[in-house]
Amino acid sequence: MSEDFRLDMGAPWLNLLATRGRHFGAQPVERLPTAERLREWLALSELMPLTPVTDADLRTAHRLREVLRELALGAVDGIPPRADQVSPLTAFLGPEPVHLAALDRLHRSAPATAADALGRLAHQAADWLTGPLREDLRACPEQDCRGVFADPGGRRRWCPSPACASRGRVRALRERRRGEV
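Read on for an overview of the structure. Model, not experiment: these values are computed from the prediction.

### Re the pattern of salt bridges
Close approach of charged atoms lets side chains of opposite charge pair.
Piece 1. What the rule picks out here adds up to 16 salt bridges.
Piece 2. Salt bridges linked by common partners bring R20, E30, R65, E66 and R69 together as one network.

### Quick word on the side chain of D144
Piece 1. Considering the arrangement of structural elements, one finds D144 in the loop between β5 (137-139) and β6 (148-150).
Piece 2. According to the relative accessible area criterion, D144 is buried, its value standing at 17%.
Piece 3. In contact with D144, other than residues within four places in its own chain, are R22, H23, F24, G25 and R167.

### Digging into the packing of aromatic side chains
Piece 1. This structure, assessed with the given rule, holds one aromatic pair.
Piece 2. With 6.1 Å between their ring centres and 65° between their planes, W13 and W128 make a pair best called edge-to-face. You can see W13 sitting in helix α1 (residues 12-17) and its partner W128 sitting in helix α5 (residues 114-130), a full 115 residues away along the chain.

### Quick notes on a nonpolar patch on the surface
Piece 1. A cluster of nonpolar side chains, namely V98, L100 and L106, defines an oily patch on the protein surface of about 310 Å² accessible area.
Piece 2. Within the secondary structure layout, L100 lies in strand β3 (residues 100-102).
Piece 3. Under the relative-accessibility criterion, L100 is labelled exposed at 56%.

### Things to note about unusual backbone geometry
Excluding glycine, most residues fall at negative phi; most peptide bonds, likewise, are trans.
Piece 1. The phi torsion at R22 lies on the positive side, around 45°, for a residue other than glycine.
Piece 2. Among the secondary structure elements, R22 is positioned in the loop between β1 (20-21) and β2 (29-30).
Piece 3. You can call R22 partly exposed: its relative accessible area is 33%.
Piece 4. In this structure, E46 takes a positive phi of about 60° despite not being glycine.
Piece 5. Here E46 lies in the loop between α2 (35-44) and α3 (55-77).
Piece 6. Note on E46: relative accessible area 61%, which makes it exposed.

### A word on α3
Piece 1. The first and last C-alpha atoms of α3 sit 33 Å apart over 23 residues, in line with the 33 Å expected at 1.5 Å per residue.
Piece 2. The N-cap of α3, judged by a side-chain oxygen 3.3 Å from the amide nitrogen of A56 a few residues on, is T54.
Piece 3. Taken from the residues just after α3, G78 is the one with a positive phi, measuring 75°.

### Some remarks on the state of the cysteines
Piece 1. Using the criterion set out here, one finds zero disulfides in the structure.
Piece 2. In this structure C140 is not part of a disulfide, and its nearest cysteine sulfur, from C164, lies 3.7 Å away.
Piece 3. Residue C159 stays outside any disulfide, its sulfur separated by 3.7 Å from that of C164, the closest cysteine.

The rules we used
- Residues numbered from 1 in each chain as written.
- Predicted model: local features only at pLDDT ≥ 70, side-chain atom pairs only at ≥ 80, totals over all residues.
- Heavy atoms only, no water.
- Salt bridge = Lys/Arg side-chain N within 4 Å of Asp/Glu carboxyl O.
- Helix = DSSP H or I, 4+ residues; strand = E, 2+ residues; numbered from the N terminus.
- Buried < 20%, exposed > 50% of the residue type's maximum accessible area, 1.4 Å probe, protein only.
- Contact = heavy atoms within 4.5 Å.
- Phe/Tyr/Trp six-rings, centres within 6.5 Å; stacked < 30°, edge-to-face > 60°.
- Patch = residues over 30% accessible without salt bridge, like charges linked within 9 Å, V, L, I, M, F, W, Y side chains within 5 Å.
- Areas by Shrake-Rupley, 256 points an atom, 1.4 Å probe, with all protein chains shown as cover.
- Expected span 1.5 Å × (residues − 1).
- Polar contact = N/O pair within 3.5 Å; in protein donor to acceptor, adjacent residues only side chain to side chain.
- Disulfide = S-S within 2.5 Å.

What follows is the structure, given as structure tokens:
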């Protein structure tokens, strides 16, 4: 189903980018159309806030997603970020205390609000985009997708979507056949 969440991009902040599929195509797929869907996504990402998720939180999540998309694609394409691209991300980086508990595994306390959950994603993205993990970022070559994903081994050609890989392989086969004629 096209509205299913993509949780296979390599990190929660990259999965947030995938909540809008075929972003550059004629008919993008919005996987976070409602506050309830954002709540579901946050729960699957282990970022369920203690307070209810609101429509304002949904708008904030969409804004963060697009701020991160622009910075991530720039990092993949080797384009230095501009100050006007960085300052919106900085606004999401508010301080949130870290509380850990040793239970069946190490647990971090739930974010108090959706804004705190989005702040955790912004921190994760900032760590990736400013550190050595940025070298693992790739963008799907499918022009309607351009999904950003982690590729630590440097061997992947397309994003984890089977559709992108299939379309890319079919296109390559057609191009090879045209070259044989």
